[in-house]
Each structure stands twice: as structure tokens, then as C-alpha cells.
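Structural features, examined
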Amino acid sequence: MTTADVLLRASPAVRRSATVHIFKVGELVLLKPSFQYASAAGVYRITATLPWSEGQPQYRIQSDEERYERVAPQDSLERATASASGDNSRAMLVKRTSGHRPR
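Residues numbered from 1 in each chain as written. Predicted model: local features only at pLDDT ≥ 70, side-chain atom pairs only at ≥ 80, totals over all residues. Heavy atoms only, no water.

Let's shift gears to the overall build of the protein. Helix and strand counts for the protein stand at 2 helices and 5 strands. The helix and strand sequence of the protein, counted from the amino end, reads α-β-β-β-β-β-α. Residues counted as buried form 29% of the 103 residues belonging to the protein. Taking as baseline every contact in the protein between residues at least 6 positions apart, the subset at least 24 positions apart corresponds to 43%. When the accessible surface of the protein is totalled, it reaches about 7,500 Å², and 52% of it is carbon and sulfur. (Helix = DSSP H or I, 4+ residues; strand = E, 2+ residues; numbered from the N terminus. Buried < 20%, exposed > 50% of the residue type's maximum accessible area, 1.4 Å probe, protein only. Contact = heavy atoms within 4.5 Å. Areas by Shrake-Rupley, 256 points an atom, 1.4 Å probe, with all protein chains shown as cover.)

What follows is the structure, encoded as C-alpha cells:
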């Protein structure tokens, strides 16, 4: 038995709370702008819920403007309002994230 095995057995069991996906398939969400998703921010539709990764639920998402799907963690998504699904989705995103309305 290695030292790592001993430490692993001695550590308290890590229990993850029940897998809670707060978004449902078909729901519209905003992908928050971040370093990782800087150019991808916008309105997306949840296409599938995925297992946990890196400590949180994951989702498969797709934009009407892209042919491919993306995988995003739950903390990078927020609920989209009904008006965000219209043609002004980028304008809505800018307004919600910066507090300023685009010209």
C-alpha cells in the first residue's frame, strides 16, 4: 500500500449532494461572458444535461447562430428572459452584463 492509498483511505468520504441541474432541456439560457467564453457569450438552448464535471453539473447548449453544440458548466449560465430570444439577443446580453444599452 502506498502513502497516497493510506491518505486516501484516511480522508473523510467526499459526499456530493444530489445532482441538481437547475436548467431543463429546451430552456433558453445566457452564456455569461468570461475569459473562456469571451466570443461565445449569447443566448443558447439547453440540448442535454450532462454528468457532473469539476464539481458542478454540465450542459450541452446550442445557439441558433451556430451549427455545433458547446458544453458549459452550470455556473457559466443564467436564465434568459423571453425578450432575449428575439433578434436583439446580443443587445440584451450587453445590457444585462454591463448595465449599458448599445447604440
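Back to the text.
To continue, consider the pattern of salt bridges. In the structure shown here, the tally under the stated rule is 3 salt bridges. We note a salt bridge from Glu 27 to Arg 79, for which the minimum N-O separation is 2.1 Å. Taken together, the residues span a long stretch of sequence, with Glu 27 in the loop between α1 (3-10) and β1 (28-31) and Arg 79 in strand β5 (residues 77-79) at a distance of 52 residues. On the accessibility criterion, Arg 79 (45% relative accessible area) is partly exposed. Glu 69 is paired through a salt bridge with Arg 60; the nearest N and O atoms lie 3.4 Å apart. The exposure class of Arg 60 is partly exposed, given its relative accessible area of 32%. (Salt bridge = Lys/Arg side-chain N within 4 Å of Asp/Glu carboxyl O.)

Attention now goes to the packing of aromatic side chains. Within this structure, the stated rule accounts for 1 aromatic pair. Plain terms: the ring middles of Phe 23 and Tyr 59 are 5.5 Å apart, the flat faces sit at 65° to each other, and that makes the pair edge-to-face. Taken together, the positions of Phe 23 in the loop between α1 and β1 and Tyr 59 in strand β3 (residues 56-62) put the pair 36 residues apart, joining distant regions of the chain. With relative accessibility at 0%, the residue Tyr 59 sits in the buried group. (Phe/Tyr/Trp six-rings, centres within 6.5 Å; stacked < 30°, edge-to-face > 60°.)

On to the sheet that holds β5. Note on sheets: strands pair through backbone hydrogen bonds, and any given pair is parallel or antiparallel. Strands sit in the order β4-β3-β2-β1-β5 across an open sheet of 5 strands; the sheet is antiparallel. Strands with a single pairing partner mark the edges of an open sheet, and in this sheet they are β4 (70-73) and β5. Between one strand axis and the next, the sheet turns through 50° on average, direction left out of account. Strand direction decides the pairing type here: β1 and strand β2 (residues 42-53), joined by 4 bridges, are antiparallel. Each bridged residue has a counterpart across the sheet, and for Leu 30 the counterpart in β2 is Val 43. (Pairing = 2+ DSSP bridges. Axes fitted to C-alpha atoms, helices over the stretch in contact; angles between N-to-C directions.)

In short, geometric facts, not functional conclusions.
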